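Remarks on the overall topology
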Protein chains: 2
Amino acid sequence: MDRRHQPTATNSAAAHAKPLHCIVKLGGSAITCKNELETINEDNLRIVSSQLREGMISGPCHGMDWSRRPGSTEIQTVVDEFDDKLESDCKRLIVVHGAGSFGHFQASKSGVHKGGLSRPLVKSGFVATRISVTTLNLEIVRALAKEGLPSIGMSPFSCGWSTCERNIAVADTSTVVKALDAGFVPILHGDAVLDTSQGCTILSGDVIIRHLAEQLRPAYVVFLTDVFGVYDRPPTEPEAVLLREITVHEDGSWSVLQPKLQDANSQVEISVAAHDTTGGMVTKISEAAVIAKLGIDVYIVKAATEHSARALKGQLPENIPDDWLGTVIRLAK
Amino acid sequence: MDRRHQPTATNSAAAHAKPLHCIVKLGGSAITCKNELETINEDNLRIVSSQLREGMISGPCHGMDWSRRPGSTEIQTVVDEFDDKLESDCKRLIVVHGAGSFGHFQASKSGVHKGGLSRPLVKSGFVATRISVTTLNLEIVRALAKEGLPSIGMSPFSCGWSTCERNIAVADTSTVVKALDAGFVPILHGDAVLDTSQGCTILSGDVIIRHLAEQLRPAYVVFLTDVFGVYDRPPTEPEAVLLREITVHEDGSWSVLQPKLQDANSQVEISVAAHDTTGGMVTKISEAAVIAKLGIDVYIVKAATEHSARALKGQLPENIPDDWLGTVIRLAK
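On a predicted model such as this, the values are computed, not experimentally measured, just so you know. (Residues numbered from 1 in each chain as written. Chains lettered and ligands numbered in written order. Predicted model: local features only at pLDDT ≥ 70, side-chain atom pairs only at ≥ 80, totals over all residues. Heavy atoms only, no water.)

**Looking at the overall build of chain A**
- Looking only at helices and strands, one finds nine helices and 17 strands in chain A.
- By residue count, 60% of the 333 residues in chain A fall in the buried class.
- Across chain A, every contact between residues at least 6 apart in sequence was considered, and the portion connecting residues at least 24 apart equals 74%.
- Counting only carbon and sulfur atoms, one obtains 49% of the accessible surface of chain A, whose full area is about 13200 Å². (Helix = DSSP H or I, 4+ residues; strand = E, 2+ residues; numbered from the N terminus. Buried < 20%, exposed > 50% of the residue type's maximum accessible area, 1.4 Å probe, protein only. Contact = heavy atoms within 4.5 Å. Areas by Shrake-Rupley, 256 points an atom, 1.4 Å probe, with all protein chains shown as cover.)

Structure (structure tokens):
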């Protein structure tokens, strides 16, 4: 990856912030129905929201979505019965989600990622992409708020984040940190943003997570996806083997610790599976490896399973139990 | 108004920006049904969007909302027929909208404007208020985009705006200016924000407009409301007289130029009519007077009428025609 354009707006406030507990990626494939235009996987989103509450909040909590649903005339939460003495504590958490079946149609039809805002098609596609991804963002904020997570939607575009040659150029995290300090859970998302070299592009959720991890140093990062983890070949193939533990070395290379693979040097060639359109599994491992190199444990796990529940609770020990399915990516000891 | 806390983050980029054509306030009472929880006045919003297109865009333009509606399986705009050579030019425009029947229930139930984020009720209300106002923002962005306005939703909270003692403390306009420079129409809104003295508060759309007008100096500002303009008493009273032209003096005081009122000094006592819950007509005139004092013409006019269409086009001459209904607030010559 081109590293010439390092972020220029690293913020001193961020550097001195209280430690961040966790960053969670809600993969687009995990929370939307990939083959149905702009359709949320409601079951998965509900379970993921519930698991996040269990993992992050101690004590009882209130529903925080007091809006009505389209078609309904009433709100869901009975505010009059609110118990203002019901104290609960939410860990310092950031959620970043992908687009799945939101945004991709609009972005790919117009080529927003390739830039060229002077073209009417690209400008229209930029607007249409942001409408689609912010629609999803609002639904995720509502689902998490309904569970009691104090969720605040924050679009990278509105935060003033921008890129240069498609790499992050300006991404001040101070507004995110202020939201965390106030006790909220910022909910960010892959977004269409301005690019100083090509006009505009798509800033993916995975790149946002890497940037936030570098700046805010969470204890761990969880990627919730639609497969059990990282495989040695596309997981649809019958021979596919789940890579349970990947070690990242100081030079950025990685090797598979578990399971013991036949390949002598354990450095398997990971097939590119198009798990999401902003990058396949190789991209995901590359991003995860950068995070793990900072000493931050990364878990890639199937959303809405007992395995994701355990990962979100941060209760996975040094030696990963045999009955936990997922991939851990860690810095070599 | 307490002026001790002047904005600290005035941006040099903003000071050197290209001139802004216009700021338009979509009053909450004009675009929502005030007595129906979270219900948009669809007819008004459609007409207002159409009038904005006519007033701001020269040449034909494309629909930019390519998302599907809830319940529908298909998107509205046929992207395949997109004519990429169809150039149109959109004036530099910012839209700010109020909350109307969105947000007020959540904010007033929890007292977000009074602060106290450590209280569970206030924190929940903050989250609930933002869900409600961003829901409205998304619908307005969609309505304007459908008409062909390159609309970009930007929440003050996400932009990092905050208050101190309920006055704007930090409100960097550089992200708004970058969006304008890229050819977009930023759509801001009254929002729940962090307040450094009391934890949180509500930043009203009118205060946002005053700040943007001070920073970006548009040629004129249009307030779209649910009455024909400013009256000498609540407009529901049979004797109410529409104040057609108000002059603002250098000391900030104002007087009524048209119509000639019986009161000798033309300085009528404007009754406080609760046109919106973040401030009555006196607040509106006070905010408008601050803007007019900068030499910026302010029009207060009924939304979705021929009068709003003329105001949005910026075609009202020095001598306001007799057949135009509305209130002009201008700096004294």
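**Digging into the UniProt feature "binding site: substrate" (unreviewed entry) in chain A**
All names here are of chain A.
- Under the feature "binding site: substrate" (unreviewed entry), the UniProt entry names Ala 99 and His 104.
- In this structure, Ala 99 sits in the loop between strand S4 (93–97) and helix H4 (104–110).
- On the basis of relative accessibility, which here comes to 16%, the residue Ala 99 falls in the buried class.
- Along the chain, the position of His 104 falls in helix H4. (UniProt positions renumbered as here; feature names shortened; annotations may be inferred.)

**Digging into the confidence of the model for chain A**
Residues and elements named next belong to chain A.
- Of the residues in chain A, 87% reach a pLDDT of 70 or more, and the chain-wide mean stands at 87.
- Scored below 50 in pLDDT, residues 1–14 makes 32 contacts in the model with residues more than four places away or belonging to other chains.
- pLDDT under 50 marks residues 264–279. Its contacts with residues more than four places away, or in other chains, come to 40 contacts.
- Both confidence scores are given for the complex: pTM 0.91, ipTM 0.91. (pLDDT = per-residue confidence, 0-100.)

**What about the sheet that holds strand S8 (residues 185–189) of chain A?**
All names here are of chain A.
- One open sheet accounts for nine strands, arranged S5-S8-S4-S1-S11-S16-S17-S14-S15; its pairing is mixed. One side of each edge strand has no neighbouring strand; the edge strands of this open sheet are strand S5 (151–153) and strand S15 (254–258). Averaged over all pairs of adjacent strands, the angle between their axes in this sheet comes to 20°, without regard to strand direction.
- The sheet contact formed by strand S1 (residues 22–26) and strand S11 (residues 220–225) spans five bridges and is parallel. Paired with Cys 22 across the bridge in S11 is Tyr 220.
- Against the sheet, helix H6 (residues 174–181) makes contact with S4 and S8, and its axis sits at roughly 145° relative to S8, the strand it touches most. (Pairing = 2+ DSSP bridges. Axes fitted to C-alpha atoms, helices over the stretch in contact; angles between N-to-C directions.)

**Description of the relation of the copies chain B and chain A**
- Once chain B has been moved 0.0 Å along the axis and rotated by 180°, it coincides with chain A to within an RMSD of 0.0 Å. Expressed as a symmetry operation, the mapping of one chain copy onto the other fits a two-fold axis. The rotation axis passes nearest to the C-alpha of Cys 159 of chain B in chain B, at a distance of 2.4 Å.
- Of the residues that chain B buries at the interface, 100% are likewise interface residues in chain A, meaning the two copies contact each other through the same surface. (Least-squares fit on C-alpha atoms with pLDDT ≥ 70 in both.)

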